[in-house]
Amino acid sequence: MSGLRITTIAETIGRTPMVSLSEVEGIGERLSADIYGKLEYMNPGASIKDRVAKCIAQQLDARGIDKDAMLVVAGAGNLAISLAMLQRQLLCLIPERTSADRVRLLKAAGIVDIVRTLDGALPDSPEHPAEIGKRVVSQHPGAVYVDEESNDWDLTACYEELADELFEQTDGKLDALVLGVDTGNAATHLSRALKKRLPKLQMIGVEPSNSAIGEHGDANPLARHWLCEDIGRPYAPRALVPGSIDMWIQVSDRVAYSMARRLVRGGIISGPAAGASVAAARMYAMSASQPAQRIAVILGDTARNYGETLLSDDWMLAHDLLDARMLDDIQRKRLGQFRGASIEDLQLPAALSVSESEAIGTAVNLMAEHDFSQLPVTGAGRRLVGYLTLSAAQTLIENHVATPDQPVSKFMLRFDRRPSRGEAENSTGRATSVNKQYWLITPETPLSELSRFFETNSVAFVTDASRKFCLGIATKQDLITFLARRNSCRF
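Residues numbered from 1 in each chain as written. Predicted model: local features only at pLDDT ≥ 70, side-chain atom pairs only at ≥ 80, totals over all residues. Heavy atoms only, no water.

Participant: I'd like to hear about the overall build of the protein, residue by residue, with values.
Facilitator: In terms of regular secondary structure, the protein is built from 14 helices and 17 strands. By its C-alpha atoms, the protein is 80 × 55 × 55 Å across when sized along the principal axes. For the protein, the residues scored as buried account for 52% of the 491 residues in total. Counting contacts in the protein only where the partners sit at least 6 residues apart, residues at least 24 apart contribute 63% of the total. Accessible area of the protein: about 23400 Å², with a carbon and sulfur share of 50%. In the protein, the 54 positive side-chain charges and the 61 negative ones have mean positions that sit 1 Å from each other. (Helix = DSSP H or I, 4+ residues; strand = E, 2+ residues; numbered from the N terminus. Buried < 20%, exposed > 50% of the residue type's maximum accessible area, 1.4 Å probe, protein only. Contact = heavy atoms within 4.5 Å. Areas by Shrake-Rupley, 256 points an atom, 1.4 Å probe, with all protein chains shown as cover. Lys, Arg positive; Asp, Glu negative; His and termini not counted. Charge placed at Lys NZ, Arg CZ, Asp CG, Glu CD.)

Structure follows, in structure tokens:
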């Protein structure tokens, strides 16, 4: 075997790329400054916390802590993911705001014990993660509490390594470094390491609106709420050394999430915290006294941890997190391209259907004769109960799983119910018919809604409102053809 050989996943941590962000829509506009992104989300665990986890794991080994010892880890979840990646046993303390996608990833990594903590818990309060962590450790002999905000871990080396990369990748010419602040460790160590070589470097700290790390410590505690994860605190963290940050910029959730979506469109698959940092970099560049600046931004989280939030148009709309430009784009995509048209405007041919008691061979012949790839299946009273696909039916017959004279009911994709005891089972003992959630689609259904349906489905069966009769079959190709007739290429 030729090429680079990696012995452990830890060896892949670090040396992340740096890329220009100026060509991403909405970032380089009206700026003379050059903005670069340090893609920390390209670490194997998809965050900057991989560096921290590697450093902590090394110190655990140096202290003789058994690899099977339980680590009680406090944080937004990224550090826990990174430590789990390094094969450590964990109990996680994560805030209520932590995304469901990140929780699923933690569980998939084998972390069963996950304790939610209050988003705004203050130090020394019983609800604070540190206090909860101490109680948990006291109940588990041999457990070790892991918290970046404590003085138990020396993180100098991992951030000095990052500082070296930043210096090298910018050829030692860097005017400002912009980064989101949570525990304060990155800000403290990077400021110290970089300013030894770049005394004029400006450290720009980013936090969400209502956070109280920087110059906003007198903010109303009851108002300290934000959606953006991985950055911000309701108090100044102990690990943040005063003077490490030269300027603080607060960024609203709407600005952070909209910028994150813009980055995704530009090929930068980073998350909301990165979006906040890039937005802050733009703010700084537009207000800086020096017109020509080279600015680096730490992009420390990934959009892939936010499938149900950042990457969901519906969630973004429901939480009013789209700026005017992004909102206009989505509304135009959803409504403008179809201009109020409904399925009736597709002019679909009348559908043929087959009874669930009909032989599967007959159904295959019917689809082949009419060049159909799917066939609606009806039950009692001709009510739509599911469908059969030509490719699946042919494969079943060719592989002798089904015989042409067996009823369609044994092999169809069925809507809204479990396979009955009387249905055929395959060689694994599982019924060969499959359940599929039903979505009522009628001739009056707007094409904008049908387009959303095709985001997760390949075929739509059009029925009357009572689902008694199947009137037609629609596919994404029908939408594309409709838009072509309207001289539109947006779909």
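The rest of the description comes next.
Participant: Describe the packing of aromatic side chains, and please don't skip the residues or the numbers.
Facilitator: Evaluated as defined, the whole model comprises four aromatic pairs. Ring centres of Y257 and W315 lie 5.6 Å apart, and the angle between their planes is 40°; this geometry places the pair in the tilted category. On the criterion of sequence distance, the pair formed by Y257 in helix α7 (residues 253-265) and W315 in helix α9 (residues 313-318) is long-range, its members being 58 residues apart. Side by side, Y257 and W315 carry an identical accessibility label, which is buried. (Phe/Tyr/Trp six-rings, centres within 6.5 Å; stacked < 30°, edge-to-face > 60°.)

Participant: Now, about the pattern of salt bridges: what can you tell me, with residues and values included?
Facilitator: Side-chain pairs of opposite charge can arise where the charged atoms are in close proximity. Summed over the entire model, instances satisfying the criterion amount to 25 salt bridges. Between R88 and D61 there is a salt bridge, with its nearest N and O atoms 2.8 Å apart. Taken together, the residues span a long stretch of sequence, with R88 in the loop between α2 (78-85) and β4 (89-95) and D61 in helix α1 (residues 49-62) at a distance of 27 residues. Between K195 and D246 there is a salt bridge, with its nearest N and O atoms 2.7 Å apart. Note that K195 is positioned in helix α6 (residues 185-195) and D246 in the loop between β8 (202-208) and β9 (247-251), a separation of 51 residues in sequence. Taking the relative accessible area as the measure of exposure, D246 reaches 34% and is therefore partly exposed. Through salt bridges with shared partners, a single network forms among K38, E40, R51, E161 and E165. (Salt bridge = Lys/Arg side-chain N within 4 Å of Asp/Glu carboxyl O.)

Participant: Help me get a handle on the UniProt feature "domain: CBS" (unreviewed entry) in the protein, residues and values and all.
Facilitator: In the numbering adopted here, UniProt assigns the feature "domain: CBS" (unreviewed entry) to residues 347-403. The straight-line gap between the two end C-alpha atoms of residues 347-403 is 36 Å; of that span, 35% is helix and 23% is strand. (UniProt positions renumbered as here; feature names shortened; annotations may be inferred.)

Participant: Please set out the packing of α1 against α2 residue by residue, giving values where relevant.
Facilitator: Remark: α1 packs on α2, axes separated minimally by 8 Å, with the N-to-C direction vectors making an angle of 55°. Classed by the angle they form, the pair α1 and α2 counts as oblique. Classified by chirality, the crossing of α2 by α1 is right-handed. On α2, the residues touching K49, D50, V52, A53 and I56 of α1 are N78, L79, S82, L83 and M85. Of the residues belonging to the contact of α1 with α2, the class tally is six nonpolar, two polar and two charged. (Axes fitted to C-alpha atoms, helices over the stretch in contact; angles between N-to-C directions. Parallel < 35°, antiparallel > 145°, perpendicular 65-115°, else oblique. Left-handed = near helix turned anticlockwise from the far one by under 90°. Nonpolar A, V, L, I, M, F, W, Y, C, P; charged D, E, K, R; others polar.)

Participant: Would you mind going over the pairing of β4 in detail, with residue names and values included?
Facilitator: Here β4 lies mainly inside the structure; six of its seven residues are buried. Handedness of the crossover joining strand β3 (residues 70-74) and β4 through α2: right-handed. Pairing between β4 and strand β5 (residues 114-117): four bridges, direction parallel. Across the sheet, the residue bridging to I94 is R116, located in β5. The parallel pair β4 and β5, bridged by helix α3 (residues 100-108), forms a crossover whose chirality is right-handed. (Right-handed = clockwise from strand over helix to strand, strands pointing away. Pairing = 2+ DSSP bridges.)

Participant: Report on the nonpolar core, specifying residues and quantitative values.
Facilitator: By size, the foremost hydrophobic cluster in this structure holds 52 residues, and its most contacted members are L90, Y159 and L190. In contact with L190, not counting residues within four places along its chain, are Y159, L162, A163, L166, L177, L179, K195 and M203. Within the second largest apolar cluster, 45 residues are counted, among which are L21, A256, W315 and I330. (Core = buried A, V, L, I, M, F, W, Y, C linked by side-chain atoms within 4.5 Å.)

Participant: Help me get a handle on the side chain of T309, residues and values and all.
Facilitator: Looking at the secondary structure, you find T309 in the loop between β10 (294-299) and α9. Classification of T309 by relative accessible area gives buried; the value is 14%.

Participant: Provide a residue-level description of empty space enclosed by the protein, including the pertinent values.
Facilitator: Inspection of every chain in the model, using the stated rule, returns four cavities of 30 Å³ or more. Its volume calculated, the largest cavity comes out at about 440 Å³. Lining of the largest cavity is provided by 30 residues; of these, G75, A76, P95, E149 and R233 occupy positions nearest its centre. Looking at the lining of the largest cavity, the elements with two or more residues in it are α2 and β4. (1 Å grid on protein atoms, 1.4 Å probe; cavity = no way out; pocket = protein on both sides within 12 Å on 5 of 7 lines; lining within 4 Å. Points joined across faces, edges and corners; volume = space filled by probe spheres on them.)

Participant: So, the layout of surface pockets: which residues are in play, and what are the values?
Facilitator: In this structure, the second largest pocket encloses a volume near 230 Å³. If you tally residues by element for the lining of the second largest pocket, the top one is strand β17 (residues 470-475), at three residues.

Participant: Kindly report on unusual backbone geometry, identifying the contributing residues and their values.
Facilitator: A negative phi holds for most residues other than glycine; trans holds for most peptide bonds. Although it is not a glycine, A46 sits at a positive phi angle of roughly 70°. Tracing the sequence through the fold places A46 in the loop between β2 (34-39) and α1. Residue classification places A46 among the buried positions, given a relative accessible area of 19%. Unlike most non-glycine residues, N210 shows phi in positive territory, near 85°. Structurally, N210 is set in the loop between β8 and β9.

Participant: Describe in detail the sheet that holds β5, supporting the description with residues and values.
Facilitator: With parallel pairing, four strands are arranged side by side in an open sheet as β5-β4-β3-β6. The open sheet is flanked by β5 and β6 (144-146), the only strands paired with a single partner. Ignoring strand direction, the axes of neighbouring strands in this sheet form an average angle of 20°. Bridging between β3 and β4 involves five bridges; their strand directions are parallel.

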